[in-house]
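Per-entry structural report
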Amino acid sequence: MRVNVYRVMKAVYHMLDPSNEPSSTVDEVKDIATLEYAVSQENAGLPDISSLVIHLRLFTQTDTRFDVVLGDTRIEDKVENTRISLPVELIPVLIDISGFVLSFGCGCKWSLICCASCLIASCQSVSCRGSSEPPLALCAFHSENILCLPCLEEQGFKRKLENCPSCERWYCPIDLTSCIGHPVTTPLFPHAMNFCSQSPRIHPPKRGSCYGCKLPGWRHCASRSCWSRYDMVCPECTSGGITCVCQNVWACDVCTKHGSRIFIRCPSCDRSFCNSCDYIDRCAQWLRATLCFDCVEETSDTDDGVVEMFATLAGTCRNCGMTSWESCDRCTI
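1. Some points on the overall build of the chain
The secondary structure content of the chain amounts to 5 helices and 19 strands. Contacts in the chain between residues at least 24 apart in sequence constitute 43% of all its contacts with a sequence separation of at least 6. Per element, the accessible surface of the chain, about 19,600 Å² overall, is 51% carbon and sulfur.

Next comes the structure, spelled out in structure tokens:
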């Protein structure tokens, strides 16, 4: 259909505005052609197109210059306010265009969408006979961002839409997770964590999935000061990290080393527990950890007083709810 619309545009400008006749090929032309039509479904069978108008304008213009009206077989000059009859040689071309438009008259509830770059049109429903093949890429969050696959391929690595490898829906790049790459050099001291932002990365930014999906092996570091900028970490960068016994919280190797408040370590078995984990507790003021429940049970079975060697908590503050916040008078060692 693009070729036919281009032929109409070229013929109209050749007759009425030859100085602005498109001289480029159909794939290079920047001028604008839009189709307007109404569909009537009063009778059984395929719907009849009651009107078809092609609006033509230069890409430098904001208003329509010419209207090509199939029903009345005329061309209207919107600037000069004149009308001429449609050349006979253009009628078969317009009939082909109307046949394409007719294919959208499927009676489905979906609307017509078009590529933001080349303006090729398609029914939004992939099961509709008016849908383009392959279907247009439509952002799941921003419905105005639509591109056909050929235009996407032309954009290369700076594509405006990306496909989620899990759910296979299309998204704007900002709506997808990414891993910026583990720092090649990591800081030696906790106060030098900003050093990570200046370090080279083991790989360039790598695209992940949409935020509703999770790719195998991709993790999210629990530290808000993580080098990952609170985004996802790919499997290549997750080695050395620690996972809580509850399996719900993970932290990367850098944040585990320098983030003392991310995990609670049992002083007996040295396993790591997250702050919200029910298997262990610690004093909110002095950060001394109790034994985890498993170690408490094991030492209770022996009944040799080992538990008393570690911190024990007396209770929680009635005002703020923190565990034994008042002092270590309630933490005994």
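What follows continues from the structure just given.
2. Quick look at the confidence of the model for the chain
Low-pLDDT portions of the prediction should not be read for the details of their coordinates. Confidence in the prediction of the chain, expressed as mean pLDDT, is 77, and 72% of residues score 70 or more. Overall, residues 43–48 carries pLDDT values under 50, and its contacts beyond four positions in sequence, including any with other chains, amount to 12 contacts. Considering only residues more than four positions removed or in separate chains, one finds that residues 324–333, a stretch of pLDDT under 50, has 27 contacts.

3. Brief notes about the packing of aromatic side chains
Across all of its chains, the model carries 2 aromatic pairs by this definition. Geometrically, the ring pair formed by Tyr13 and Phe66 is edge-to-face, given 5.0 Å between the ring centres and 90° between the ring planes. Here the residue Tyr13 occupies a position in helix 1 (residues 2–16), and Phe66 occupies one in strand 3 (residues 66–69), the gap between them amounting to 53 residues. When sorted by exposure, Tyr13 lands in the same class as Phe66, which is buried. Both rings, one in Phe141 and one in Tyr171, keep their centres 5.4 Å apart while their planes meet at 75°; by these two values the pair is edge-to-face. Pair noted here: Phe141 is in the loop between strand 8 (137–138) and strand 9 (146–147) and Tyr171 is in strand 11 (residues 170–171), with a separation of 30 residues, a long-range link. Take Tyr171: its relative accessible area is 4%, and that puts it in the buried class.

4. A look at the environment of Val233
Secondary-structure assignment places Val233 in strand 15 (residues 232–233). What makes Val233 buried here is its relative accessible area of 0%. Along the backbone, Val233 and His220 are 13 residues apart, and their C-alpha atoms lie at a distance of 6.0 Å.

5. With respect to the side chain of His55
Within the secondary structure layout, His55 lies in strand 2 (residues 48–57). Looking at His55, its side chain comes within polar contact range of the side chain of Asp67, at 2.5 Å.

6. Observations regarding the pattern of salt bridges
Pairing between side chains of opposite charge can happen when their charged atoms approach one another. Per the stated rule, a full pass over the model turns up 11 salt bridges. Between Glu76 and Lys78 there is a salt bridge whose closest N-O contact spans 3.6 Å. In this structure Glu76 comes out as buried when scored by relative accessible area, which is 10%. Between Glu76 and Arg83 there is a salt bridge, with the nearest N and O atoms lying 3.5 Å from each other.

How each quantity is defined
Residues numbered from 1 in each chain as written. Predicted model: local features only at pLDDT ≥ 70, side-chain atom pairs only at ≥ 80, totals over all residues. Heavy atoms only, no water. Helix = DSSP H or I, 4+ residues; strand = E, 2+ residues; numbered from the N terminus. Contact = heavy atoms within 4.5 Å. Areas by Shrake-Rupley, 256 points an atom, 1.4 Å probe, with all protein chains shown as cover. pLDDT = per-residue confidence, 0-100. Phe/Tyr/Trp six-rings, centres within 6.5 Å; stacked < 30°, edge-to-face > 60°. Buried < 20%, exposed > 50% of the residue type's maximum accessible area, 1.4 Å probe, protein only. Polar contact = N/O pair within 3.5 Å; in protein donor to acceptor, adjacent residues only side chain to side chain. Salt bridge = Lys/Arg side-chain N within 4 Å of Asp/Glu carboxyl O.

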